[in-house]
Amino acid sequence: MRHTISILVDNEFGVLSKVSSLFSGRGFNIESLCVAETLDPKVSRMTIVTTGDDQIVEQITKQLNKLINVIKVSDLTAEEHIERELALIKVNANADDRAEILSVIDIFRGKVVDVSPTTYTIEMTGDAEKVGAITELLRPFGIKEIVRTGKIAMARSPKSGK
Amino acid sequence: MKKNGAQIFLESLLKEGVDTIFGFPGGAVLPIYDALYGVTALKHILVRHEQGAVHMADGYARASGKPGVVLVTSGPGATNTVTGIATAYMDSIPIVVFTGQVPTALIGNDAFQEADIVGITRPCTKHNYLVKDIKDLTRIIKEAFYIATTGRPGPVLVDIPKDVLSASAEFKYPEKVELKSYQPTYKGHIGQIKKAVELIIKAKRPVLYTGGGVVLSDASDELRVFAEKLNIPVTNTLMGLGGFPGTHPLFLGMLGMHGTYCANMAVTNTDCLIAIGARFDDRVTGKIDEFAPYAKVIHVDIDPTSISKNVRVDVPIVGDVKSVLKDMLKALDEIKGRSHAERGNEKAQKDALAEWHEQIKQWGETHKLSYKLDEKKIKPQYVIERIYDLTKGKAIITTEVGQNQMWAAQFYKFDKPRTFLTSGGLGTMGFGFPAAIGAQFAFPDKIVIDIAGDGSIQMNIQELATAVQYKLPVKIAILNNKFLGMVRQWQEFFYEKRYSYTCMDVAPDFVKVAEAYGAVGLRATKPEDVDGVIKEALAVKNKPVFMDFNIDREEDVYPMVPAGQPLNKMLLV
């Protein structure tokens, strides 16, 4: 099963490699990984997507907690959360296809951020499925390049007003 | 007054209470060696190979409980420490390794004697640091010692570039450590502890399975009291030996691949396995699905990652072994205070336990640890037994890895913790001799003996010069069978005696080697020589002694659970 793990770490050199070598040393694959500073510049947030059964993921989270530079680990999969990823998609756009491509982009609430005589570059945000879906619809026109950020995620606030 | 980095480094070690460091100089650490010149408060032991330095620091730490300290140069000096660090990591031994590094401006330039040792040791240290600014030096040293010695102990490496050692700063050693992301759990969860105790007192066939954690947390007294109070038999892992008295009537011997018949049968049939400071290593469990199949499992460990890693656990307790055992004893007293009705049927319970002890006694008697004495050939087990008798069981024993290690574990009875020092997790040949040197530095007046094989001893034999230089009376008992014995044994059992590259009949004359280094060399070729050689070795007071025991070449270690088999499928003598 796919898990989204959110980790607060010290914002120092070497920390990313400590985290990633923990995965590689045990033969666990990282599907995507995002890192950036938090409000506190001494702390960074990593969002890692990995796949494994419950026992493997439990072991991963325990091992992450054991790293000295790791402050907090939460597996967001079990709780309500919002996830997003950003993709830039460069697609062939011949004069005949342009209108159709634009309508696809419109349906997905994407944006054209760069235009050339033969291509559109599209910015797309959404969850992984949405990005996947638009990719499939654009594929027939010929995708020249695609760059995805990988997933970022955040737990939802409790709905009851306590 | 400002001091340079090298002086700050030495002052910091003194603040940490370090009195002995094991090291080898080189270009990148010249500023430290210059600062060391003429210093007497800190004893620097000059080794002959950096791997030896780490094993010595490791042996020092295992024997004394204090952290071992290593100082080496950059590049090859640093990379030579890796096996030693990995050895300490696998066995959770607190050591702090300081490596020199090329100046910060050259890092990443493929400079002379540059190696990314922080990168190389990332997976085999508990934590490691590159000091990029002299302002961080004292904080990092403080943290390094704190991390190495607290929680589940382990090695920490600190890489210090040469320019940091030459830069100057005000020396102010931090009072305390502030690490918000590192707070080991010492106290076990009381609810879980009570649950565990309830399970234990109702168990009909309980067994305590205890490991190196008992030794590391100095909990052997608490363990003994606990076992005696509830009359529960105890088996130790290799790392746990000495954590419970080896001569105690409740002791079943070691369990696992070369464990006793009795211990392995008890663990297979127990209904309540109480694992304390042990981690269910594959050499202990055998086939994991058939390990303790009838048992409820209670697991006490300070490291949450050890729990439910290999075996499902019914009652996990994260905490320091000593603290948890104390709380378990308290919980027991509370239960004793209950009324009769609440305590349930005590008689039935007592009868069941008596039956269990009877069964264990039978197992113990049917297949004792044994070997066949021979009139002409020296049996290695006999050598260990004689060493045990002639040292009255009071020596600190280190081992190499292989048959020598298993025979030492089986035939020397360890009554006290920190008297059996062995590379359990990594299984490092070449560990025992330098570890013995380290232990001898920690306890100059104790008898320290390395039980070695002819293969292993050659892996760090150069440290004989170190032992001679410092007039250390370490004894090295070489069980010489001119084979890499354990591998040969596997080839005998599982590869139709195809002894592929395990025959080592080209070896040096160990007596002459000892003499060449200025040590004492003795040899025994017949059983009747054994006592004389041991006695003569024990009488030597200021130099190391090699005892070359020419043993029966094809003696095997029994019992043996073939890899991947369940524990009750033992090959017996």
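Scroll up for the structure.
What this report covers is the structure whose coordinates are included nearby. (Residues numbered from 1 in each chain as written. Chains lettered and ligands numbered in written order. Predicted model: local features only at pLDDT ≥ 70, side-chain atom pairs only at ≥ 80, totals over all residues. Heavy atoms only, no water.)

Considering the overall build of chain B
Phase 1: Along its length, chain B carries 24 helices and 20 strands.
Phase 2: By the compact-globule yardstick of 25 Å for 573 residues, chain B fits well, its C-alpha radius of gyration being 25 Å.
Phase 3: Within chain B, the proportion of its 573 residues that are buried is 59%.
Phase 4: In chain B, of all internal contacts separated by at least 6 residues, the share reaching a separation of at least 24 is 76%.
Phase 5: Of the roughly 22,800 Å² of accessible surface on chain B, a fraction of 52% belongs to carbon and sulfur atoms.
Phase 6: Counting 67 positive and 65 negative side-chain charges, chain B places the averaged centre of each group 4 Å from the other. (Helix = DSSP H or I, 4+ residues; strand = E, 2+ residues; numbered from the N terminus. Rg over C-alpha atoms; globule rule 2.2 N^0.38 Å. Buried < 20%, exposed > 50% of the residue type's maximum accessible area, 1.4 Å probe, protein only. Contact = heavy atoms within 4.5 Å. Areas by Shrake-Rupley, 256 points an atom, 1.4 Å probe, with all protein chains shown as cover. Lys, Arg positive; Asp, Glu negative; His and termini not counted. Charge placed at Lys NZ, Arg CZ, Asp CG, Glu CD.)

Structural notes on the interface of chain B and chain A
Phase 1: Across the boundary between the two partners, chain B contributes 18 residues, which contact 19 residues of chain A.
Phase 2: Overall, the association of chain B and chain A removes approximately 1,500 Å² of surface from exposure, summing both partners, and the carbon and sulfur fraction of that is 54%.
Phase 3: On the chain B side of the contact with chain A, Arg122, Ser181 and Thr305 of chain B bury the most area, a combined 38% of that side's loss.
Phase 4: Counting every contact that joins chain B to chain A gives one salt bridge.
Phase 5: As a salt-bridge pair, aspartate 303 of chain B and lysine 66 of chain A come within 2.7 Å of each other at their nearest N and O atoms.
Phase 6: For the pair chain B and chain A, the number of links is ten residue pairs in polar contact (both at pLDDT 80 or more).
Phase 7: When residues in the side of chain B that touches chain A are grouped by element, the largest group, three residues, is from strand β6 (residues 127-130) of chain B.
Phase 8: In terms of residue class, the side of chain B that touches chain A is built from six nonpolar, five polar and seven charged. (Buried area = accessible area lost by both parts, 1.4 Å probe. Salt bridge = Lys/Arg side-chain N within 4 Å of Asp/Glu carboxyl O. Polar contact = N/O pair within 3.5 Å; in protein donor to acceptor, adjacent residues only side chain to side chain. Nonpolar A, V, L, I, M, F, W, Y, C, P; charged D, E, K, R; others polar.)

A few points about the nonpolar core
Residue and element names in this part refer to chain B.
Phase 1: Among the nonpolar cores identified, the biggest contains 70 residues, and Ile200, Leu208, Phe226, Ile317, Met328 and Phe549 are the most heavily contacted of them.
Phase 2: Examining the composition of this core, we find that eight residues originate from one element, helix α14 (residues 321-336), more than from any other.
Phase 3: For leucine 208, the contacting residues outside a window of four places in its chain are Leu223, Phe226, Ala227, Ile232, Pro233, Val234, Thr235, Ile274 and Ile276. (Core = buried A, V, L, I, M, F, W, Y, C linked by side-chain atoms within 4.5 Å.)

What about the packing of aromatic side chains?
The description of an aromatic ring pair rests on the distance of the ring centres and on the angle between the ring planes.
Phase 1: The tally for this structure, following the rule as stated, stands at 22 aromatic pairs over all chains.
Phase 2: Consider the rings of phenylalanine 483 of chain B and tyrosine 499 of chain B, whose centres lie 5.6 Å apart with planes at 75°: the pair is edge-to-face. Of this pair, phenylalanine 483 of chain B sits in the loop between β18 (475-480) and α22 (485-494) while tyrosine 499 of chain B sits in the loop between α22 and α23 (510-517); the two residues are 16 residues apart in sequence, bridging distant segments of the chain.
Phase 3: With relative accessibility at 23%, the residue tyrosine 499 of chain B sits in the partly exposed group.
Phase 4: Looking at lysine 132 of chain B, its charged tip hangs above the ring of phenylalanine 13 of chain A, at a distance of 4.1 Å from the centre.
Phase 5: The ring of phenylalanine 483 of chain B has arginine 553 of chain B lying over it, and the distance from NZ or CZ to the ring centre is 4.3 Å. (Phe/Tyr/Trp six-rings, centres within 6.5 Å; stacked < 30°, edge-to-face > 60°. Lys NZ or Arg CZ within 6 Å of the ring centre and 35° of its normal.)

Overview of the packing of helix α3 (residues 50-64) of chain B against helix α5 (residues 82-90) of chain B
Each pair of packed helices can be described by the angle between their axes along with the distance between the axes.
Residues and elements named next belong to chain B.
Phase 1: Across the interface, α3 lies against α5 with an axial gap of 7 Å and an inter-helix angle of 25°. By the criterion of interaxial angle, the relationship of α3 to α5 is roughly parallel. Every residue of α5 that contacts α3 at Gln51, Val54, His55, Asp58 and Arg62 is listed here: Thr83, Gly84, Ile85, Thr87 and Ala88. (Axes fitted to C-alpha atoms, helices over the stretch in contact; angles between N-to-C directions. Parallel < 35°, antiparallel > 145°, perpendicular 65-115°, else oblique.)

Looking at helix α24 (residues 530-539) of chain B
Residues and elements named next belong to chain B.
Phase 1: Among the residues of α24, Val530, Val533, Ile534, Ala537 and Leu538 are the ones counted as buried. Down the axis of α24, the sector holding all buried residues measures 130°, keeping them to one side.
Phase 2: Among the structural elements, α17 (380-390), β17 (448-453), β18, β19 (520-524) and β20 (545-550) are those in contact with the buried residues of α24. (Arc of directions from axis to C-beta.)

A word on the sheet that holds β20 of chain B
In sheet architecture, strand pairing relies on hydrogen bonds along the backbone and comes in two forms, parallel and antiparallel.
Residue and element names in this part refer to chain B.
Phase 1: If you trace the six strands from one edge of the open sheet to the other, you get β16-β15-β17-β18-β20-β19, paired in parallel fashion. In the strand order of this sheet, the two ends are held by β16 (420-421) and β19, each with one partner.
Phase 2: The pairing of strand β15 (residues 396-399) with β17 spans four bridges and is classified as parallel. Following the sheet pairing, isoleucine 397 is matched in β17 by isoleucine 449. (Pairing = 2+ DSSP bridges.)

Quick notes on the environment of asparagine 94 of chain A
Residues and elements named next belong to chain A.
Phase 1: You can see asparagine 94 is positioned in the loop between β5 (81-92) and α3 (98-107).
Phase 2: In this structure asparagine 94 comes out as partly exposed when scored by relative accessible area, which is 43%.
Phase 3: Sequence separation of asparagine 94 and threonine 118 is 24 residues, and the distance between their C-alpha atoms is 5.6 Å.

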